[in-house]
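Topology and contacts: notes
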Amino acid sequence: MRRLPKIGFGTWMLSGADCTAAVLAAIDAGYRFIDTAQYYDNEAQVGEAIAATTVPREEFVIATKVWYDVLAHDDVLKSTATSLKKLGLKYVDILYVHWPTKPHYNPKETLKAFSELVDRGKVRHIGVSNFTPALVDEAIGVCEALGKGIIADQVEHHPLLQQRRLREHLQERGLALVAYSPLGRRRALEVPEIVQVAKKHGASSGQVSLAWIMDHGAIPIPKAKDPAHIKENFDALDLKLDRDDIALIDSIRVERRLINPPSIAPDW
Ligand SMILES: NC(=O)c1ccc[n+]([C@@H]2O[C@H](COP(=O)([O-])OP(=O)(O)OC[C@H]3O[C@@H](n4cnc5c(N)ncnc54)[C@H](OP(=O)(O)O)[C@@H]3O)[C@@H](O)[C@H]2O)c1
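Quick summary incoming for the structure in this document.

Cut-offs used in this document
- Residues numbered from 1 in each chain as written.
- Predicted model: local features only at pLDDT ≥ 70, side-chain atom pairs only at ≥ 80, totals over all residues.
- Heavy atoms only, no water.
- Near = heavy atom within 4 Å.
- Polar contact = N/O pair within 3.5 Å; in protein donor to acceptor, adjacent residues only side chain to side chain.
- Areas by Shrake-Rupley, 256 points an atom, 1.4 Å probe, with all protein chains shown as cover.
- 1 Å grid on protein atoms, 1.4 Å probe; cavity = no way out; pocket = protein on both sides within 12 Å on 5 of 7 lines; lining within 4 Å.
- Sits in = over half its atoms within 2 Å of the grid points.
- Helix = DSSP H or I, 4+ residues; strand = E, 2+ residues; numbered from the N terminus.
- Axes fitted to C-alpha atoms, helices over the stretch in contact; angles between N-to-C directions.
- Parallel < 35°, antiparallel > 145°, perpendicular 65-115°, else oblique.
- Left-handed = near helix turned anticlockwise from the far one by under 90°.
- Contact = heavy atoms within 4.5 Å.
- Nonpolar A, V, L, I, M, F, W, Y, C, P; charged D, E, K, R; others polar.
- Salt bridge = Lys/Arg side-chain N within 4 Å of Asp/Glu carboxyl O.
- Buried < 20%, exposed > 50% of the residue type's maximum accessible area, 1.4 Å probe, protein only.
- Phe/Tyr/Trp six-rings, centres within 6.5 Å; stacked < 30°, edge-to-face > 60°.
- Lys NZ or Arg CZ within 6 Å of the ring centre and 35° of its normal.
- Expected span 1.5 Å × (residues − 1).
- Pairing = 2+ DSSP bridges.

**Concerning the site of the ligand**
The immediate surroundings of the ligand are formed by 28 residues, with Asp35, Arg185, Lys223, Lys225 and His229 found nearest. Note that an oxygen atom of the ligand is positioned 3.2 Å from one of the backbone N or O atoms of Thr11. Contacts to the ligand include Asp226, whose backbone N or O atom sits 3.1 Å from an oxygen atom. Computed on the free molecule, the ligand has an accessible area of 910 Å², of which 90% lies beneath the protein chains in the complex. Judged by its atoms lying within 2 Å of the grid points, the ligand is housed in the largest pocket. Ranked by residues supplied to the shell around the ligand, first place goes to helix 9 (residues 227-234) with 3 residues.

Here is the structure:
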């Protein structure tokens, strides 16, 4: 695969015609990396938008995720076939393990199924999501034995959850960090340090949060339904923060994890 795009488009909580319209607006704005999941129940609408554009399929990076309760070998194969059908695609670029929840997630069994999907051309790259450093290393070991790599760990990451240790861990191992909830589900927008940097650059708080994430080499996937938000977020690619801005945001010590579903999430 060519390198992953610097920014992607999130689709959680988008449904029906709103979802198709938002994905179309995102494609128009320039996004080529689209993030969905079995759990979001919108793969068909994402697929509709992809089918409706004139952008060639190979320019897109389309990612979906296998839900935590269908991670047994045969369930992975079956549920991914359903995802592809809903998306109207022959393959996805990234297939993630959505959550490493035991006993459904059994690294050898689950990742063997993922590996088979790569061999059959249904999946270009294996991804993991919500994996801690230890879980990442375990999955890398299993994939290596199968002759495969892991392209990314998709985790919550924004100025209020800086993920310093995990970020370094992934960088050392050559995995991308795909940053979900990169606006902290709006909570990052009012953080004084973010507001201060936004004022200095005549940018929005959202753009500052996204530019800071990108400056650290991670890939934010903001979700937006509002067409103005969709475009504004993509334009964060043009915002260049200086060393002082980065240092100021790095210095935020408040930690707020927003996504932590009981009995599904790992022991962070
Ligand atoms: N792997 C996982 O377990 C996992 C978990 C959570 C999320 N994700 C992925 O990450 C994506 C993004 O995360 P998220 O949806 O949780 O949160 P987010 O992207 O941090 O925030 C989305 C919220 O911010 C608003 N917003 C977007 N752009 C804005 C702007 N420029 N100014 C002001 N408000 C703005 C949106 O409003 P409007 O919609 O009204 O525009 C929406 O309410 C998800 O959609 C999903 O694809 C993955």
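**Thoughts on the packing of helix 3 (residues 73-87) against helix 4 (residues 107-119)**
The description of two helices packed together rests on the angle between their axes and the distance between the axes. Helix 4 packs onto helix 3 with a crossing angle of 40° between their chain directions and a minimal axis gap of 8 Å. Comparing their axes, helix 4 and helix 3 come out oblique. Crossing of helix 3 over helix 4 shows right-handed handedness. Contact residues: His73, Val76, Leu77 and Thr80 in helix 3; Glu109, Thr110, Lys112, Ala113, Phe114, Glu116 and Leu117 in helix 4. A breakdown of the residues in the contact of helix 3 with helix 4 according to their chemical character gives 5 nonpolar, 3 polar and 3 charged.

**Observations regarding the side chain of Thr53**
Along the chain, Thr53 falls in the loop between helix 2 (43-52) and strand 3 (61-66). Looking at Thr53, its side chain comes within polar contact range of the main-chain oxygen of Ile50, at 3.2 Å. From its side chain, Thr53 meets the backbone nitrogen of Val55 in a polar contact 3.3 Å long. Beyond its immediate sequence surroundings of up to four residues, Thr53 is in contact with Leu24, Ile27 and Phe60.

**Overview of the pattern of salt bridges**
Tallied over the entire structure, the rule returns 12 salt bridges. For Asp119, the salt bridge is made with Lys148, and the minimal N-O distance between the two is 3.0 Å. Residue Asp119 is located in helix 4, and its partner Lys148 is located in the loop between helix 5 (133-145) and strand 6 (150-156); the two are separated by 29 residues in the primary sequence. For Asp119, a relative accessible area of 56% gives the class exposed. Residue classification places Lys148 among the buried residues on the basis of a relative accessible area of 18%. Residues Asp137 and Arg173 are paired through a salt bridge, measuring 2.7 Å at the closest nitrogen-oxygen approach. Here Asp137 is found in helix 5, whereas its partner Arg173 is found in helix 6 (residues 164-173), with 36 residues between them in sequence. By relative accessible area, Asp137 is classed as partly exposed at 30%. One continuous salt-bridge network, built from bridges that share partners, spans Lys112, Glu116 and Arg120.

**Some points on the packing of aromatic side chains**
Under the definition given, this model contains 8 aromatic pairs. Both rings, one in Trp67 and one in Tyr68, keep their centres 5.2 Å apart while their planes meet at 70°; by these two values the pair is edge-to-face. With relative accessibility at 15%, the residue Trp67 sits in the buried group. Ring pairs connect the aromatic residues Trp12, Tyr39, Tyr40, Trp67 and Tyr68, which therefore count as one cluster. The ring of Tyr91 has Arg57 lying over it, and the distance from NZ or CZ to the ring centre is 4.0 Å. Positioned over the ring face of Tyr91 is Arg124, at 3.8 Å from the centre of the ring.

**Observations concerning helix 5**
Spanning 13 residues, helix 5 covers 19 Å between terminal C-alpha atoms, matching the ideal 18 Å at 1.5 Å per step. For helix 5, the full list of buried residues reads Pro133, Leu135, Val136, Ala139, Ile140, Val142 and Cys143. Turning to helix 5, the residues buried within the fold contact helix 4, strand 5 (123-129), strand 6 and helix 6. Gly147, located one to two residues past helix 5, shows a positive phi value of around 75°.

**Regarding the sheet that holds strand 7 (residues 176-180)**
Ordered in space as 1-2-3-4-5-6-7-8, the 8 strands form an open sheet in which the pairing is parallel. Two strands lie at the open edges of the sheet, namely strand 1 (9-10) and strand 8 (219-220), each paired on one side alone. In this structure, strand 3 lies alongside strand 4 (residues 92-97), joined through 4 bridges in parallel fashion. Bridging from a neighbouring strand, Ala63 pairs with Ile94 of strand 4.

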